[in-house]
Amino acid sequence: MLIFTAIPLSAIGGVFALWIRGMPFSISAGIGFIALFGIAVLNGIVLISYFNQLKSEGITDPLQRVLIGTKTRLRPVLMTAAVASLGFLPMALSTSGGAEVQKPLATVVIGGLFSATLLTLIVLPILYLLFEKGIKRKKNMAKSIATTIILLVSTFSFAQNKQTVTLVQAIDLAKKNNIDLKIADKEIEKQTVLKKTAFQVDPSYW
């Protein structure tokens, strides 16, 4: 969701650039918006992925992640936007044949990248901070609710199962629940049954 916020941020610049140059929306302008959205989303991926990388490296403070990540990724984001803008600049200034198709496309891309770059470096980190704080608060709330429920259930179960046991009853329970005693009892029963089938051969038979 955070990465795709770059789409409306870039669309603002594209629409504004068309309005400045007095160009209507056309098929070529629509294709320009498609190219613009791809480049803007790429810049968002560059920022958010680095924020997540810093988080996995042990930087737990979201503000520190944003400051370090934005400072480190400032050059790649600016270079991505600058290279694409300079590449479309000849098309935006074209006056030769086919300029009516090239100019709207290039105008949308250049104007959209200008706004997307500035807003991505400012708005996206702010949204990231808001999302991180909201997620952390929800996790803490969920943990507190789960702990409270477990404690209540445990207390209720303990109160229901609490009863007085005498020494004789405790010994009987131990005998019933002791696995070794159960095995010994079964062995005694087995030997008792086998004893009935035993017989002694008469010595005179040999």
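Scroll up for the structure.
Quick look at the structure, then.

Criteria and cut-off values
Residues numbered from 1 in each chain as written. Predicted model: local features only at pLDDT ≥ 70, side-chain atom pairs only at ≥ 80, totals over all residues. Heavy atoms only, no water. Helix = DSSP H or I, 4+ residues; strand = E, 2+ residues; numbered from the N terminus. Buried < 20%, exposed > 50% of the residue type's maximum accessible area, 1.4 Å probe, protein only. Contact = heavy atoms within 4.5 Å. Phe/Tyr/Trp six-rings, centres within 6.5 Å; stacked < 30°, edge-to-face > 60°. Axes fitted to C-alpha atoms, helices over the stretch in contact; angles between N-to-C directions. Parallel < 35°, antiparallel > 145°, perpendicular 65-115°, else oblique. Left-handed = near helix turned anticlockwise from the far one by under 90°. Nonpolar A, V, L, I, M, F, W, Y, C, P; charged D, E, K, R; others polar. Core = buried A, V, L, I, M, F, W, Y, C linked by side-chain atoms within 4.5 Å.

1. Focus on the environment of isoleucine 68
Tracing the backbone shows isoleucine 68 in helix H3 (residues 62-92). For isoleucine 68, a relative accessible area of 30% corresponds to the partly exposed category. With 18 residues separating them along the chain, isoleucine 68 and tyrosine 50 place their C-alpha atoms 9.4 Å apart. Sequence-distant contacts of isoleucine 68, that is, excluding residues within four places in its chain, are made with Tyr50, Leu54 and Ile59.

2. Topic: the packing of aromatic side chains
Using the criterion set out here, one finds four aromatic pairs in the structure. Plain terms: the ring middles of phenylalanine 33 and phenylalanine 37 are 5.9 Å apart, the flat faces sit at 45° to each other, and that makes the pair tilted. With phenylalanine 33 and phenylalanine 37 both in helix H2 (residues 27-56) and four residues apart, the pair spans about one turn of that helix. Consider the rings of phenylalanine 51 and tyrosine 128, whose centres lie 4.8 Å apart with planes at 45°: the pair is tilted. Of the two residues, phenylalanine 51 is situated in helix H2 and tyrosine 128 in helix H4 (residues 99-161); the sequence distance between them amounts to 77 residues. Owing to a relative accessible area of 0%, phenylalanine 51 belongs among the buried residues under this scheme.

3. Digging into the packing of H2 against H3
The contact between H2 and H3 brings their axes to 9 Å, and the two run at 155°. In this view, H2 runs roughly antiparallel relative to H3, as classed from their interaxial angle. Crossing of H2 against H3: the hand is right-handed. On the side of H2, the interface is formed by Ile39, Leu42, Asn43, Val46, Leu47, Tyr50, Phe51, Gln53, Leu54 and Lys55, while H3 contributes Arg65, Val66, Ile68, Gly69, Thr70, Thr72, Arg73, Pro76, Val77, Thr80 and Ala84. The residue makeup of the contact of H2 with H3, split by class, is 12 nonpolar, six polar and three charged.

4. Observations concerning the packing of helix H1 (residues 6-21) against H2
Here H1 crosses H2 at 140°, and the two axes come no closer than 9 Å. With respect to H2, the axis of H1 lies oblique. The way H1 lies across H2 gives a crossing that is right-handed. Every residue of H2 that contacts H1 at Ala6, Ile7, Ser10, Ala11, Gly14, Val15 and Leu18 is listed here: Ala29, Phe33, Leu36, Phe37, Ala40 and Val41. Here the contact of H1 with H2 is built from residues that sort into 11 nonpolar, two polar and no charged.

5. Examining the nonpolar core
By size, the foremost hydrophobic cluster in this structure holds 15 residues, and its most contacted members are Leu18, Phe33, Leu36, Phe88, Val108, Val109 and Leu113. Listing elements by their share of this core, those giving two or more residues are H1, H2, H3 and H4. Top element by residues in this core is H4. It accounts for five residues. Those residues in contact with valine 109 that lie beyond four places of it in its chain are Gly32, Ala35, Leu36 and Phe88.

6. Structural notes on the environment of serine 10
The residue serine 10 is located in helix H1 in this model. For serine 10, a relative accessible area of 0% corresponds to the buried category. As a C-alpha pair, serine 10 and phenylalanine 33 span 23 residues in sequence and 8.6 Å in three-dimensional space. When near neighbours in sequence (up to four residues on either side) are disregarded, serine 10 contacts Leu36, Phe37, Ala40, Gly112, Ser115 and Ala116.

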